[in-house]
Amino acid sequence: MSNTANQEVKKGADIGGMFKDTAILLVITLVAGLLLGLVYQVTKEPIAVQKERKKQEACKEVFADAASFAEIEFVQPDAQEWAAAGFAQETIDEVMEAKDASGAVLGYVITVTTKEGYGGDIRFTIGIAKNGTVNGIAILEIAETAGLGMRAEEVLAPQFAGKNVEKFEYSKSGATADYQVDAISGATITTNAVTNGVNAGLYYFQTNLPADGPGK
């Protein structure tokens, strides 16, 4: 057989092998896609249930007096007003009504994300009674430095509970008034981020939600 003929045979074999490999890859891809779809369908509902359970637990943590919580439609803050108030790095993600056993609204649970964290976004819930009292905050997502900013739940969160103030500020030398919180030693950026996030939630409550406080 001539060299030309050998080359033609080899070329044909190479093309045939290429088609075979492509077909195998296609079958593997289709099977993998079907399996992933099946896994998604099986796990979708349990994941949703788990997510809702965690949400309810977070709400209960910041509003222990409430018997139930219901998500409500809310108006996003006006971008210019929001930025002018100093909250360009904060977003309101969700608002839930906190209700007593009779269905009366006791206040709100507001989910806030601040982008000012040292290690990235910090997301938390803040419970605010209708008279403006902060019941507490519960951190949902945080990725700050271990032993420093990660102490936010331990050091910062308890300091906001039970306070009824227009806004908070942090102090490096020790809080001396209700509107002040002690900064985490060595984690000023985290302290600032959480404080600004709480203030964003308070500001949204004061300007967008029905309240029973002074002047309302």
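See the structure printed just above.
Since the model is a prediction, treat every value here as computed from it, not as a measurement.

### With respect to the sheet that holds strand β4 (residues 122-129)
An order of β1-β2-β3-β4-β5 is seen for the 5 strands of this open sheet, with the pairing classed as antiparallel. Every other strand in the sheet has two partners, leaving β1 (68-71) and β5 (134-141) as the edge strands with one partner each. Taken over all neighbouring pairs, the strand axes of this sheet differ in orientation by 25° on average, direction set aside. Strand direction decides the pairing type here: strand β2 (residues 90-99) and strand β3 (residues 105-114), joined by 9 bridges, are antiparallel. Considered in β3, the bridge of Met 96 is made with Val 109.

### Some details on a nonpolar patch on the surface
Taken together, the side chains of Val 27, Val 31, Leu 35 and Leu 38 define a hydrophobic patch exposed on the protein surface, amounting to about 360 Å² of accessible area. Of note, Leu 35 is situated in helix α1 (residues 3-62).

### Some points on the packing of helix α3 (residues 152-160) against helix α4 (residues 188-208)
Following both chains from N to C, one finds α3 and α4 inclined at 35°, their axes separated by 11 Å at the closest point. In terms of crossing hand, the pair formed by α3 and α4 is right-handed. Within the contact between the two elements, α3 uses Ala 152, Leu 156 and Phe 160 and α4 uses Thr 190, Thr 191, Val 194, Thr 195 and Val 198. Within the contact of α3 with α4, the residues separate by chemical class into 5 nonpolar, 3 polar and no charged.

Calculation rules
Residues numbered from 1 in each chain as written. Predicted model: local features only at pLDDT ≥ 70, side-chain atom pairs only at ≥ 80, totals over all residues. Heavy atoms only, no water. Pairing = 2+ DSSP bridges. Helix = DSSP H or I, 4+ residues; strand = E, 2+ residues; numbered from the N terminus. Axes fitted to C-alpha atoms, helices over the stretch in contact; angles between N-to-C directions. Patch = residues over 30% accessible without salt bridge, like charges linked within 9 Å, V, L, I, M, F, W, Y side chains within 5 Å. Areas by Shrake-Rupley, 256 points an atom, 1.4 Å probe, with all protein chains shown as cover. Salt bridge = Lys/Arg side-chain N within 4 Å of Asp/Glu carboxyl O. Left-handed = near helix turned anticlockwise from the far one by under 90°. Contact = heavy atoms within 4.5 Å. Nonpolar A, V, L, I, M, F, W, Y, C, P; charged D, E, K, R; others polar.

Coordinates in, geometry out; function isn't part of it.
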